[in-house]
Amino acid sequence: METQPVVVATYQVTRYYGDGAVVRALDGVDMVVRKGEFLAIMGPSGSGKSTLLNLLGALDRPTGGRIVVNGEDLATIRDLDRFRARTIGFVFQLHNLLPTLTARENVEVPMHGQGISGNAMRQRAEHLLEIVGLADRMNHLPAQLSGGQRQRVAVARALANSPAIILADEPTGSLDTQSGNEIMDLLESINQTQGTTILIVTHDPRVARRTRRILTMRDGKIVDDHPVRGAVWEDLRDLARSRLGEMLLRGDDEALLTQLGTAPDSARAIAVLRSWLSRVAQDIDTLA
Amino acid sequence: MIWRALWQRRTRSLLTVLGVSVGVAAVVVLGAMAEGLAQGYAGMAGGADLLVMQANAYDITLSALDEDLGARIAQLPGVREVSGVVVGMVALEKVPYFLVSGHDPEGASIQHFRIVQGNRLVRAGQVLLGRQAAKNLKKNVGDSIRLFGKAFHVAGIYETGQLFEDNGAVITLSDAQRILKKSHRVSFFEVSLEHPSEADRTKRLIEDLSPEVSVTKASDLADEQQTVETIRGMAWGISMIAILIGGLGMMNTMVMAVFEQTREIGVLRALGWRRRHIMKLVLGQSLGLSLLGGLLGISLGLGLVWMVNQTPAIASIAPAFLKVGLLLQGLSMALVLGFIGGAYPAWRATRFSPVEALRYDTGAGMGREPPWLRHLNLALRALWRRRTRSLLTMVGIATGSALVASLGAITEGTLRELNAFVSKGGAELVAIQAGVADMGYSVIDERVGRAIAAMPEVAYVSGILWGVSSGEDVPFLFMIGIDPTDPTISRYRIMQGRHIAARHEAMLGHTAARNLEKSVGDTIILPGGTYRVVGIFETGTAYEDAAGVIALREAQAAFQKRHQVSLYQIKLRDSSQAQAVHDLIETRLGSEVSVSMSATFGENLADLQNTKAMMNAVFTLALVVGGIVVTNTMVMSVMERTREIGTLRALGWRKVHVLWMVLSESLLLSGLAGGMGLLGGGVLTLALQSVPDFGAFLTAVYTPQVVGQSIVVALLLGLLGGLYPAWRASRLQPAEALRYE
Ligand SMILES: Nc1ncnc2c1ncn2[C@@H]1O[C@H](COP(=O)(O)OP(=O)(O)O)[C@@H](O)[C@H]1O
Ligand SMILES: [Mg+2]
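Source: prediction; values computed, not measured.

## A short note on the overall build of chain B
Then, number 1: Within chain B, the regular secondary structure consists of 26 helices and 24 strands.
Then, number 2: Counting the 741 residues in chain B, one finds 56% classified as buried.
Then, number 3: The long-range share in chain B, meaning contacts at least 24 apart out of those at least 6 apart in sequence, stands at 80%.
Then, number 4: A total of about 30400 Å² of accessible surface is found on chain B, and carbon and sulfur atoms cover 59% of it.

See the structure below:
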C-alpha cells in the first residue's frame, strides 16, 4: 500500500463560513490518500465531513491551504468542469437523479459534453447498469425504482467517465440496512476489481468497518486515522475509548467494582478485558 | 407566516407583483385616456346649455350645419344667445390630431377661453393657443404657427381647464370656415338659454326647425359621441388583456407556491389544521401579492398618466384624465385577480390528503408520465412535468402574441383595402386634402379637381365624397357619394338590380345589405332623406361592400359639403408620367391637396401611421407583461431544480451547458405559445369581425411578416424571460446548490 502513488493530499486546509460569527467548518486538515484506498470518514454531524468532500471534489474552494488531487493542485486547474467530469465520481445521500430521465439517461448525464458519441454513451450506460445489477431497469424513471435501486443508478452514474476517485457522501444514509449493505458490496467490488479510490462519508460504524481505513473528524479537524483490522479489534477500540475503558486502563479497580458490582467473577472479567485493551491501546498510541 | 413565505421567494413575488402592476397600470392609463377624451368632448360645449349639431353625424368634429340656421334658432323663445362654432382636426408635425376651433371674436362662445398671456383674438390671421398646446409645441405669444399651410400669429394663450381645449387652438370663425373648408357652415351651434331649466322645451323647438339637426344637452354630449364609445371600448379591451395576462402570472405563482409547500401543508394538516385554514393561508398570500401589485400599478399608472400628458402626440387627442374611481377600479381589479389567481391553487391545496402531501417529494417526480414522453427531448419533458404552470404561462404569452398577430393582420388588411379602394378604377394618382388629421376629415373643393382635370397629362379625375351615417334607422353606415355618370362607377359590380341613376336612389354593398336586411326595392332613411335601394353591389373591398352609395350631389347636400369631395382619383393618359404629374400637382396645388401614387396610398396616410403607433404600444405592452410572466415561470423552474442543477455541475456539466438547458426550455415554451397565439389571433380577429357595425370593415391579412412578427414576439419573450433565470442557474455554486432545500 505504501508504494502506491498519492491521489489525494491536503495541506492545512481550512474552510470558513460567514463573515460575522465565523464557522470554522474545516480547521486545518492534513490528509494523504493513496491510489486504490477504500476509506471512510466518520464524525458527528456538523464536524465538516461534507465540506471536506466538497473541497476534494472541487465543488467548493478552501479558505486556506492546498489540495492536490491526482497530481494536480486544485487551485491551478483551469477547467474544473472537466476535472469533475473526468476525475471525480459523486454519489450523494439523496440519489439526486434527474426525475424526468430514465435510469439509462441518468447514467449518460456526465458523459454529455465529453465528446462521446450517442451510441457509445448508450452502450457504456447499459454496461454500467448491468454491473450494478439493474440490466432490467434501464428504461425506468427514478420514481419507479426503490431507494436502493436509485442509489445503484447513482453509483453507475458516478462510474460513467471511469473516474480516479469516487466521493460518496452518506451513500447509505437514507437506505435500510439490507440496501445499504448491497451498496457497500457494490462499492467494495468496484474498489477491488477496478482499483478505483473510494472515500465514503458515514456516521454508521458498521458501514465504516467495511472499509480499510477510518478517518474521524471533530470540529473541523481530523482527530483519528487508523486502519480497519476486523470486527473484534474495532469493538475493543470503541471500548478503549469509553469511560469504562478509561477506568480499565487506568487500573482503577475500586471504581470499576462499584460500577460493575462485586460478583465473584467480576475481578476475573476485569483482568481479561484489561489485558486485551492494553494491547489495543499500544496500537492506538503508535498510530497517534 | 404568509409574508415570510412571500419574502423567502422574493424574486418570484416581485415578478408576480410586477405582472399584476403592469395590468393595473394599463387599466389606469387607458381608462384615464378614454376619460380624457370624453371630458374633451364634454368641454366642447363650452358654457352653453344646448348644442345643436347635424343629425346622423358620427362625431361632433364631422358635423356640419348651414350658418343661417343660427339666426332662426336665435329667434326662438327662451334663447338668449347662439354662436356658431367650427371645429376640425389638423395634423401638425408630431401631433397627428390637433383640435382647432373657430369662434366669432365677438360671440358668446369665445368667452370661456380665459386669456392667461397675451391678448384676445381680434382679427383674421391670429390664433390663440391652449396653455398645454403652447407648452408642447414650444410656442409663445408673438410666434407664428402653420395650420393647413397658412401661417397664424399667436396672439394669446388661454386656459379653460378642459383638456381638449387646452391642448388645442382657437382661430376666428371665418378663418376656420376657410381652412376647414366650411364656408357658410359651422360644425355646431352653442345655445345658451334664458332659463336653463327649460332646456327640454327649447330642445324640441329647435328640433322642429329642421330634420337635419340633433340637439344635445351639453351635459350629455360626451356620451352621445360614437368616437368616445369606440375608444372606451378599445381601452377596456386592451386593459382586460393586460389584466388577463397578469392574472395568469398570478395563478401561476400561486400554483407553484402550493406545490412547493405541499409538505408543509401536509404537516399542518397532520397537526390538525382545517381545510378552511389552509385555504385562508393560500388566499392570503395571493391577495397580499395582488394588493402590492395593485398599489404599485397605481403609482406606475400615475407616472404614465403624467408622461402621457407631456407627450403632445397623445395628449392632444386623448389627454389622460384621472378620476379617483379609476384608481379604485384598478385596485379592485388587482384584488379580484388575487382572488381568482389564488382560488384554484387554494382549492387544490385543500384537496391534498395529509398522507400524500407528506410523502410528496419534489425531487422524485410522480411517475405518471405517459410513455410517448420518453421520445421527447429534455426541455419538453421538463415542461410536461410542470404542465399546469407551462400551460398557464403559454396562455399568457399566447394572449400577447395573439393580440399582436390580430392587430398586425388587421392593420395589414386595412392597408391593402385602402390601396385596393383607391386603385381599383385604374387611376394612377390619388389626392386628399393636405394637412388633414385623417382621411375622414379630408375636404377638397371641386375647383381644385377642375384644375387637375385641365392638365394635359390627365385623362380624367373622379371625385368621391364619403361620410358616416349614424341615424336611428341605420346605426352605422359608411356612405359614398359618386357621380352616376362617372365611368369609375362600373367598379361597383351589380349583383342584383342596377346602378344608381337618379335622385333618391341608393345602392348597397352586399355586406351592408345583409346587415341592414335590405334588398332591391326597399326604402332606407339616410342623411338627406329617404332613398330607394335600386341595386346591391360587390367590389371585393370590405370598406365598399359594407357601404351605401348615393349620387355625389345628394351626398354633398346631406353632409353639408356642397361642391366639395373627399378624394380625387386621377387617371393619366400615360401611366409612365405618374411621378412627373405627381410632382407637378404637388408644386401647383400643394397647399390644397396631397397626392400619392395609388399603390402606396395607404402607407402615406396619417390614419395608418396612427394605427401603427397604437400597434407598437400594444406590442410593447404584450412584451412587457409577457416577459414578466415568462421570467417568473423560468425563475421558479430554476429555483425548484436548484439541487438538480447542483448535481449536474457536480457531475461536470459546464455553465454554458446549464445556461443552454434553461434557455432552450424557455424558448421552447414561448415558441409553442407563439403557435398557440397565432391560432388565438385568428380567433380574435374573427371575433372582432363579428362585432356589429364596425366589424364588417375589418379585413385581416396574414402576411408572412405578420406571422413572423408574432412568432418573433413569442421567441423574444422566451429569450428575455429565459436569460436571467438561465444566467442565475449557471451561476449557482454547486456546493450551495446541493445543500438547497
Ligand atoms: N454553506 C454554508 N454556510 C454556512 N455554514 C455552513 C455551510 N455549509 C456548512 N456549514 C457549517 O459548517 C459545518 C460543517 O458542515 P458539514 O460539512 O455539512 O458537516 P457534516 O459533517 O455534517 O457533513 C457545520 O457547522 C455547518 O453548519
Ligand atoms: Mg454532511
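We are not done yet, so read on.
## Description of the pattern of salt bridges
Residue and element names in this part refer to chain A.
Then, number 1: Applying the stated criterion to the full structure yields 29 salt bridges over all chains.
Then, number 2: Salt-bridge contacts for Glu108 lead to Arg104; the nearest nitrogen and oxygen are separated by 2.7 Å. Remark: Arg104 and Glu108 occur in helix α3 (residues 103-108); sequence separation between them is four residues, near one turn of the helix. In this pair, the class of Glu108 matches that of Arg104, namely buried.
Then, number 3: In this structure, the salt-bridge partner of Arg137 is Asp136, at a minimum N-O distance of 3.3 Å.
Then, number 4: Here Arg137 falls in the partly exposed class, since its relative accessible area comes to 27%.

## Here's the deal with helix α9 (residues 243-250) of chain A
All names here are of chain A.
Then, number 1: Among the residues of α9, Gly245, Met247 and Leu248 are the ones counted as buried. Taken around the axis of α9, the buried residues stretch over an arc of 160 degrees, which confines them to a single face. In α9, the exposed positions that point more than 90 degrees away from the buried face belong to Arg243 and Arg250.
Then, number 2: Positioned one or two residues after α9, Gly251 has a phi angle of 80 degrees, which is positive.

## Re the side chain of Ser101(B)
Residue and element names in this part refer to chain B.
Then, number 1: Considering the arrangement of structural elements, one finds Ser101 in strand β4 (residues 95-103).
Then, number 2: Classification of Ser101 by relative accessible area gives buried; the value is 7%.
Then, number 3: Within the structure, Ser101 has its side chain in polar contact with the side chain of His103 (distance 3.3 Å).
Then, number 4: With sequence-adjacent residues up to four places away left out, Ser101 is seen in contact with Val85, Val86, Val87, Phe113, Ala169, Val170 and Ile171.

## Here we look at the interface of chain A and chain B
Then, number 1: Opposite the 28 residues of chain A that make contact, chain B presents 25 residues.
Then, number 2: Together, the buried faces of chain A and chain B total about 2500 Å²; carbon and sulfur atoms form 56% of this surface.
Then, number 3: Summed over the three residues of chain A that lose the most area to chain B, namely Leu59(A), Pro99(A) and Thr100(A), the buried surface amounts to 23% of that side.
Then, number 4: The tally of links between chain A and chain B comes to two salt bridges.
Then, number 5: With a closest N to O distance of 2.9 Å, Arg649(B) and Asp81(A) form a salt bridge.

## Looking at the environment of Arg152(A)
Residue and element names in this part refer to chain A.
Then, number 1: Counting through the fold element by element, Arg152 comes out in helix α5 (residues 147-158).
Then, number 2: Apart from the residues within four sequence positions on either side, Arg152 is in contact with Val132, Gly133, Leu134, Glu182, Ile183 and Leu186.
Then, number 3: Among the polar contacts made by the side chain of Arg152, one reaches the main-chain carbonyl oxygen of Val132 at a distance of 3.1 Å.

## As for unusual backbone geometry
Then, number 1: Here the phi dihedral of Asp219(A) falls at roughly 50 degrees; this positive angle occurs in a residue that is not glycine.
Then, number 2: For Asp219(A), the position within the fold is in the loop between β9 (213-218) and β10 (221-227).
Then, number 3: Judged by its relative accessible area of 60%, Asp219(A) falls in the exposed class.
Then, number 4: Residues other than glycine seldom take positive phi values, yet Lys181(B) does so here, at roughly 55 degrees.

## Side note on the site of ligand 1
Then, number 1: Inspection of the region around ligand 1 gives 13 residues, with Gly46(A), Lys49(A), Ser50(A), Thr51(A) and Arg739(B) positioned closest.
Then, number 2: Near ligand 1, the surrounding residues are drawn from chains A and B.
Then, number 3: A distance of 3.4 Å is found between a nitrogen atom of ligand 1 and a side-chain nitrogen or oxygen belonging to Tyr17(A).
Then, number 4: Between ligand 1 and Ser47(A) there is a distance of 3.3 Å, counted from an oxygen atom to a backbone nitrogen or oxygen.
Then, number 5: Within the complex, 73% of the 550 Å² of free accessible area of ligand 1 lies under protein.
Then, number 6: The set of elements that each furnish at least two residues to the shell around ligand 1 consists of β2 (23-34) and α1 (49-56) of chain A together with α26 (734-739) of chain B.
Then, number 7: Per element, the largest residue contribution to the shell around ligand 1 is three residues, and it comes from α1(A).
Then, number 8: Here the residues of the shell around ligand 1 sort into four nonpolar, six polar and three charged.

## Quick look at the sheet that holds β9(A)
All names here are of chain A.
Then, number 1: Spatial ordering of the open sheet is given by β6-β7-β8-β3-β9-β10, a layout of six strands whose pairing is mixed. Two strands bound the open sheet, and with one partner strand each, they are β6 (88-91) and β10. Each neighbouring strand pair of the sheet contributes to a mean axis angle of 20 degrees, computed without reference to strand direction.
Then, number 2: Relative to β9, strand β3 (residues 38-42) runs parallel, the two sharing four bridges. Among the inter-strand pairings, Leu39 is bridged to a residue of β9, identified as Arg213.
Then, number 3: Contacting β3 and β8 (197-201), helix α6 (residues 177-194) crosses the sheet at an angle of about 155 degrees to β8.

Rules used throughout
- Residues numbered from 1 in each chain as written.
- Chains lettered and ligands numbered in written order.
- Predicted model: local features only at pLDDT ≥ 70, side-chain atom pairs only at ≥ 80, totals over all residues.
- Heavy atoms only, no water.
- Helix = DSSP H or I, 4+ residues; strand = E, 2+ residues; numbered from the N terminus.
- Buried < 20%, exposed > 50% of the residue type's maximum accessible area, 1.4 Å probe, protein only.
- Contact = heavy atoms within 4.5 Å.
- Areas by Shrake-Rupley, 256 points an atom, 1.4 Å probe, with all protein chains shown as cover.
- Salt bridge = Lys/Arg side-chain N within 4 Å of Asp/Glu carboxyl O.
- Arc of directions from axis to C-beta.
- Polar contact = N/O pair within 3.5 Å; in protein donor to acceptor, adjacent residues only side chain to side chain.
- Buried area = accessible area lost by both parts, 1.4 Å probe.
- Near = heavy atom within 4 Å.
- Nonpolar A, V, L, I, M, F, W, Y, C, P; charged D, E, K, R; others polar.
- Pairing = 2+ DSSP bridges.
- Axes fitted to C-alpha atoms, helices over the stretch in contact; angles between N-to-C directions.

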